[in-house]
Amino acid sequence: QVQLVESGGGLVQAGGSLRLVCVASGRSISNYDMGWFRQAPGKEREFVASIGGPEASTRYGDSVKGRFRASRYIAENTVYLRMNSLKPEDTADYYCAARLIRLPPSTAWDDFDSWGQGTQVTVSS
């Protein structure tokens, strides 16, 4: 099992940027689809982005396309989520998750096997 630790959350004004970091240990992230999810109070967990496979294929939720970018650095077993043009509706707890690469690809949170503890992002208007 892979262990995940997120960092990088905080308070930012609307229009600002943050970079979330997810450090994995125990297994190489090269074997996993690495996902980012978020959950706001009273709302369901929402898929944000994922990156995986030999070509670092990425997927994004509709609400973040064009603003957020997932990347990874396999040598350091680390995944990043760059968040630009932040909006108050991006406020949520953000979670890093890992899913052993298998078909079909999935963006459903319950298809992911391992989770970090989360990092809070607050965007003020």
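Scroll up for the structure.
1. A look at the nonpolar core
Right, on to step 1. Formed by 28 residues in total, the largest nonpolar core has its most connected members in Met-34, Leu-81, Met-83 and Tyr-94.
Right, on to step 2. Secondary-structure elements contributing two or more residues to this core are β3 (18-25), β4 (32-39), β5 (46-52), β7 (68-73), β8 (78-83), β9 (92-100) and β11 (119-124).
Right, on to step 3. If we ignore the near neighbours within four places in the chain, the residues touching Met-34 are Leu-4, Cys-22, Ile-29, Ala-49, Ser-50, Ile-51, Val-79, Cys-96, Ala-97, Ala-98 and Phe-112.

2. Topic: unusual backbone geometry
Right, on to step 1. With an omega dihedral of -5°, the bond running from Leu-103 to Pro-104 counts as a cis peptide bond.
Right, on to step 2. One non-glycine residue with positive phi stands out, namely Ala-56, at about 50°.
Right, on to step 3. Tracing the backbone through its elements, the reader meets Ala-56 in the loop between β5 and β6 (57-60).
Right, on to step 4. Accessibility expressed as a relative area gives 27% for Ala-56, which makes it partly exposed.
Right, on to step 5. Phi at Ser-85 takes a positive value of approximately 50°, unusual for a residue other than glycine.
Right, on to step 6. Mapped onto the elements of the fold, Ser-85 is located in the loop between β8 and β9.

3. A few points about the environment of Tyr-60
Right, on to step 1. With respect to the secondary-structure elements, Tyr-60 resides in strand β6.
Right, on to step 2. Setting aside residues up to four positions removed in sequence, Tyr-60 forms contacts with Phe-47, Val-48, Ala-49, Lys-65, Phe-68, Arg-69 and Ala-70.
Right, on to step 3. A polar atom in the side chain of Tyr-60 sits 2.9 Å from the backbone nitrogen of Ala-70.

4. Remarks on the state of the cysteines
Right, on to step 1. Applying the stated criterion to the full structure yields one disulfide.
Right, on to step 2. In this model Cys-22 forms its disulfide with Cys-96; the gap between the sulfur atoms is 2.1 Å. Disulfide Cys-22-Cys-96: the torsion about the S-S bond is -75°, which places it as left-handed. A residue pair is termed long-range when its members are at least 10 positions apart, and Cys-22 in strand β3 and Cys-96 in strand β9 qualify at 74 residues.

5. Section: the packing of aromatic side chains
Any pair of aromatic rings gets described here by the distance separating the centres and the angle formed by the planes.
Right, on to step 1. The final tally for this structure, using the stated rule, is four aromatic pairs.
Right, on to step 2. Ring geometry for Phe-37 versus Phe-47: centroids 5.6 Å apart, planes at 70°, classification edge-to-face. Here Phe-47 lies in strand β5 and Phe-37 lies in strand β4, a separation of 10 residues in the sequence.
Right, on to step 3. Exposure remark for Phe-47: the relative accessible area of 14% places this residue in the buried category.
Right, on to step 4. Both rings, one in Tyr-95 and one in Trp-115, keep their centres 6.4 Å apart while their planes meet at 75°; by these two values the pair is edge-to-face.

Scoring rules and cut-offs
Residues numbered from 1 in each chain as written. Predicted model: local features only at pLDDT ≥ 70, side-chain atom pairs only at ≥ 80, totals over all residues. Heavy atoms only, no water. Core = buried A, V, L, I, M, F, W, Y, C linked by side-chain atoms within 4.5 Å. Buried < 20%, exposed > 50% of the residue type's maximum accessible area, 1.4 Å probe, protein only. Helix = DSSP H or I, 4+ residues; strand = E, 2+ residues; numbered from the N terminus. Contact = heavy atoms within 4.5 Å. Polar contact = N/O pair within 3.5 Å; in protein donor to acceptor, adjacent residues only side chain to side chain. Disulfide = S-S within 2.5 Å. Phe/Tyr/Trp six-rings, centres within 6.5 Å; stacked < 30°, edge-to-face > 60°.

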